[in-house]
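Residue-level structural notes
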Amino acid sequence: MAISLDEILRRLGGSDAAATLTGVSPEAVRKWRSSNAIPPRHWPAIMAATGLTWEELSAAPESTEVPPGATAALVLADGTVFWGRGFGARTTSAPSELCFSTGLTGYQETMTDPSFAGQIVTFTFPHIGNVGTNAEDMEATQIFARGMVTKEDVTSPSNYRSTAPLGSWLKTQGIAGISGVDTRALTLRIRDLGAPNAVISFPEDGKFDLKALAAQAAGWAGLEGLDLAKEVSCTQSYEWTGGTWDWANGFAETNGGKKVVAVDYGAKRNILRSLASAGCQVTVVPATATAEDILRHQPDGVFLSNGPGDPAATAAYAVPAIQGVMQAGVPIFGICLGHQLLATALGAKTYKLERGHRGANQPVKDLRSGKVEITSQNHGFAVDEKSLPAGVEVTHVSLFDGSNEGIAAPAKKVFSVQYHPEASPGPSDSSYLFKRFVELMG
């Protein structure tokens, strides 16, 4: 940063006073020291206490000189710049939350997962793009993530299923990527300081206005309080057909069964396939569907999908619909955002995690069976267990940080989990949940 961290702490009166004035813990101040950076969310309190300006706190250099070989820049809200080589579309991304994903495979599924709307994804696995892209691995009709960050350059695809290289696939959809970044250092920064706002710039003319880019990132309000479900949801109801994929036969044919209405807050296609393969006849409705819209289909059960954004914002219209379905006595199964919305409808509260859970190696304990599942997750918010009302039990917990991963209200015939049981990193650890839903419908 333009002014040293030691000088900022001196002006605040030392580490203990800095923690008090900015409303953070002494451990957070320790992390400031270890990373030599202060998250922008603490800047307003620091400016008020010290008289420092945004320009003085910003790390953006005055010079716009581009390092040799660099064609793109990842610019954080505090002005930190990571130079690299651009690929995909020559553009500047919209300001986004910068997160990381620990999955070794599935980069195409990640980029097309609507839950990543509003986010730039840093992949911790260094070799991304080796198997190319294809139409079968799309989780939605388009890319929803706003950018991609990788360690190594994207190579030519080496897989018989590939129909297009990763770079050209991103380019056709107007998404920029940046390679050559020290993703280990970037991941540690996100881990210790939380997910910052950022932009990726991969300009045609190779010119960078770093201060303007940092200001764009810093000026974005972030995901907290933002309802993105309406932006990624379908706009009208439709019937879903087709089951899960296997190597020998491709996508399975299904015969229907229990009538399930899936509320699309940003549903991945493989969730719908998993429901169909479990024996469900699936009708998908928009995120804004009311209880009357849902019950008009006379469902045996209702599924609440994953999705992006702040559950407290989406709850404004989703919670009344969910409560109406519960009052009708229809069984409900929710995942990810659907889990958070179900908890809210039951009377609980949610909160924003410091860094979120994103990746395909997240251990979760099923408290009923005592078994541990290896799960796939992508969420930045969590259910506050202490706010759960009587009659709602905790069924699953994260073995990373102890946060809530599942609830059930047996009297109301509803349950939900925070993770993605359809993603199969285990690979079949969590598939029992779809069977449980079918059994709950009777």
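Below or above, wherever it landed, is the structure these notes cover. (Residues numbered from 1 in each chain as written. Predicted model: local features only at pLDDT ≥ 70, side-chain atom pairs only at ≥ 80, totals over all residues. Heavy atoms only, no water.)

**Considerations on the overall build of the chain**
Under the convention used in this document: Helix numbering and strand numbering both begin at the N terminus, where a helix is a DSSP run of H or I of at least 4 residues and a strand a DSSP run of E of at least 2. To get the radius of gyration, use the C-alpha atoms; to get the globule rule, take the number of residues to the power 0.38 and multiply by 2.2 Å. For every residue, the accessible area obtained with a 1.4 Å probe (protein chains only) is divided by the maximum for its type, and the residue is called buried under 20%, exposed over 50%, and partly exposed between those limits. Any pair of residues with heavy atoms lying within 4.5 Å of one another is described as a contacting pair. Here the Shrake-Rupley method, with its probe set to 1.4 Å, supplies the accessible areas, and only the displayed protein chains count as covering residues. Just so you know, the count uses Lys and Arg for positive and Asp and Glu for negative, and it drops His and the chain ends. In this description, the location of a charge corresponds to atom NZ of lysine, CZ of arginine, CG of aspartate or CD of glutamate.
Regarding its fold elements, the chain presents 15 helices and 19 strands. For 442 residues, the compact-globule estimate of 2.2 N^0.38 gives 22 Å, and the chain sits close to it at 23 Å. Along the first, second and third principal axes, the C-alpha atoms of the chain reach 65 × 50 × 40 Å. When the 442 residues of the chain are sorted by exposure, 54% land in the buried category. Considering only intrachain contacts with a sequence separation of at least 6, the fraction spanning at least 24 residues in the chain is 73%. Counting every atom, the chain has about 18,200 Å² of accessible surface; 51% of that belongs to carbon and sulfur. Computed over 36 positive and 44 negative side-chain charges, the inter-centroid distance for the chain is 2 Å.

**With respect to the sheet that holds strand β14 (residues 332-335)**
Inclusion rule: At least two bridges found by DSSP between two strands are what make those strands a pair. Lines fitted to C-alpha atoms define the axes, with helix axes restricted to the stretch in contact, and inter-axis angles between N-to-C directions lie between 0 and 180 degrees.
Ordered in space as β8-β12-β11-β13-β14-β19-β18-β17-β15-β16, the 10 strands form an open sheet in which the pairing is mixed. Strand pairing shows two members of the sheet lacking a second neighbour, β8 (238-240) and β16 (372-383), which therefore form its edges. Strand after strand, the sheet turns through a mean of 25° between neighbouring axes, direction not considered. Pairing between β14 and strand β19 (residues 414-417): four bridges, direction parallel.

**Let's talk about the environment of Leu 353**
For Leu 353, the position within the fold is in strand β15 (residues 350-366). On the basis of relative accessible area, Leu 353 is assigned to the buried category, the value being 11%. Every residue in contact with Leu 353, bar those within four places of it in the chain, is listed here: His 379, Gly 380, Phe 381, Ala 382 and Asp 401.

**Observations concerning the pattern of salt bridges**
Worth spelling out the cut-off: Any Lys or Arg side-chain nitrogen found within 4 Å of a carboxyl oxygen on Asp or Glu counts as a salt bridge.
In total, this model carries 16 salt bridges according to the counting rule given. The closest approach of N and O atoms between Asp 227 and Lys 230, which form a salt bridge, is 3.9 Å.

**Digging into the packing of aromatic side chains**
Under the convention used in this document: The rule is short: rings of Phe, Tyr and Trp, with Trp giving its six-membered ring, pair when the centres are within 6.5 Å, and they are stacked under 30 degrees, edge-to-face over 60, tilted in between. Two conditions define a charge sitting above a ring: the NZ of Lys or the CZ of Arg must be within 6 Å of the ring centre, and it must be within 35 degrees of the ring normal.
By the definition in use, this model includes five aromatic pairs. Ring plane angle 90° and centroid distance 5.0 Å describe the contact between Trp 83 and Phe 208, whose orientation is recorded as edge-to-face. With Trp 83 in strand β2 (residues 81-88) and Phe 208 in the loop between β7 (197-201) and α9 (210-219), this residue pair connects regions lying 125 residues apart in the sequence. Look at Phe 303 and Phe 333: their rings are 5.4 Å apart centre to centre, the planes differ by 75°, and that puts the pair in the edge-to-face class. Separated by 30 residues along the polypeptide, Phe 303 in strand β13 (residues 301-304) and Phe 333 in strand β14 bring together distant segments of the chain. In this structure, Phe 303 and Phe 333 share a single accessibility class: buried. By way of ring pairs, the aromatic residues Phe 303, Phe 333, Phe 415, Phe 434 and Phe 437 are connected into one cluster. Residue placement shows Lys 352 over the ring face of Phe 381; its charged tip is 5.6 Å from the ring centre. Directly above the aromatic system of Phe 415 lies the positively charged group of Arg 436, at a separation of 5.8 Å from the ring centroid.

**Considering helix α14 (residues 337-345)**
Most of α14 is tucked away, with eight of its nine residues classed as buried. For α14, the complete set of buried residues consists of Leu 337, Gly 338, His 339, Gln 340, Leu 341, Leu 342, Ala 343 and Ala 345. Where α14 terminates, the next one or two residues include Gly 347, which has phi positive at roughly 115°.

**Examining the sheet that holds strand β4 (residues 119-123)**
The seven strands are arranged β1-β2-β6-β5-β4-β3-β7 in a closed barrel whose pairing can be described as mixed. If you compare each strand with its neighbour and ignore which way they point, the axes differ by 40° on average. Note: β4 against strand β5 (residues 147-149), three bridges, orientation parallel. Bridge assignment links Val 121 to a residue of β5, and that residue is Met 148.

**Some points on the packing of helix α1 (residues 5-12) against helix α4 (residues 43-50)**
Helix packing geometry: the angle between the two helix axes and the distance between the axes. Threshold: Note that the term roughly parallel is reserved for angles under 35 degrees, roughly antiparallel for angles over 145, roughly perpendicular for angles of 65 to 115, and oblique for everything else. A clockwise turn of the near helix away from the far one marks a right-handed crossing, whereas an anticlockwise turn of less than a right angle marks a left-handed crossing. Under the convention adopted here, Pro, Cys and the residues Ala, Val, Leu, Ile, Met, Phe, Trp and Tyr are nonpolar, Asp, Glu, Lys and Arg are charged, and Gly plus all remaining residues are polar.
Running from amino to carboxyl end, α1 crosses α4 at an angle of 60°, the nearest separation of the two axes being 9 Å. Relative to α4, the element α1 is oriented oblique. As α1 runs across α4, the sense of the crossing is left-handed. Residues Ile 8, Arg 11 and Leu 12 of α1 pack against Ile 46, Ala 49 and Thr 50 of α4. Of the residues in the contact of α1 with α4, the class split is four nonpolar, one polar and one charged.

**Describing the environment of Glu 204**
As for its placement among the helices and strands, Glu 204 is situated in the loop between β7 and α9. Residue class for Glu 204 comes out exposed when judged on its relative accessible area of 65%. Along the sequence, Glu 204 and Ala 72 sit 132 residues apart, while their C-alpha atoms lie 9.9 Å from each other.

**Focus on the pairing of β4**
Quick note on the threshold: By convention a crossover is right-handed if, when the strands point away from the viewer, the path from the first strand over the helix to the second runs clockwise.
For β4, the tally of buried residues reaches five of five residues, placing the bulk of the element in the interior. Side chains of β4 alternate between two faces, with Gln 119, Val 121 and Phe 123 and Ile 120 and Thr 122 buried alike. The pairing of strand β3 (residues 96-101) with β4 spans five bridges and is parallel. Along β4, the bridge assignment pairs Leu 98 with Ile 120. Between the parallel pair β3 and β4, the chain is carried across by helix α6 (residues 107-112), and the sense of this crossover is right-handed.

**A few points about the state of the cysteines**
Basically, it comes down to this: Two cysteine sulfurs form what is called a disulfide whenever their separation falls within 2.5 Å.
If you walk through the whole model with that rule in mind, you get zero disulfides. Between Cys 99, a cysteine without a disulfide, and Cys 336, which holds the nearest cysteine sulfur, the sulfur-to-sulfur distance is 12 Å. The cysteine Cys 234 is free of any disulfide, with Cys 336 supplying the nearest cysteine sulfur at 17 Å.

**Points about the nonpolar core**
Definition in use: In this text, buried Ala, Val, Leu, Ile, Met, Phe, Trp, Tyr and Cys residues form a nonpolar core when linked through side-chain atoms within 4.5 Å.
Among the nonpolar cores identified, the biggest contains 32 residues, and Tyr 265, Ile 322 and Ile 332 are the most heavily contacted of them. When residues of this core are traced back to their parent elements, those giving at least two are β11 (258-264), β13, α13 (311-327), α14 and β18 (404-409). The biggest single contributor to this core is α13, with seven residues.

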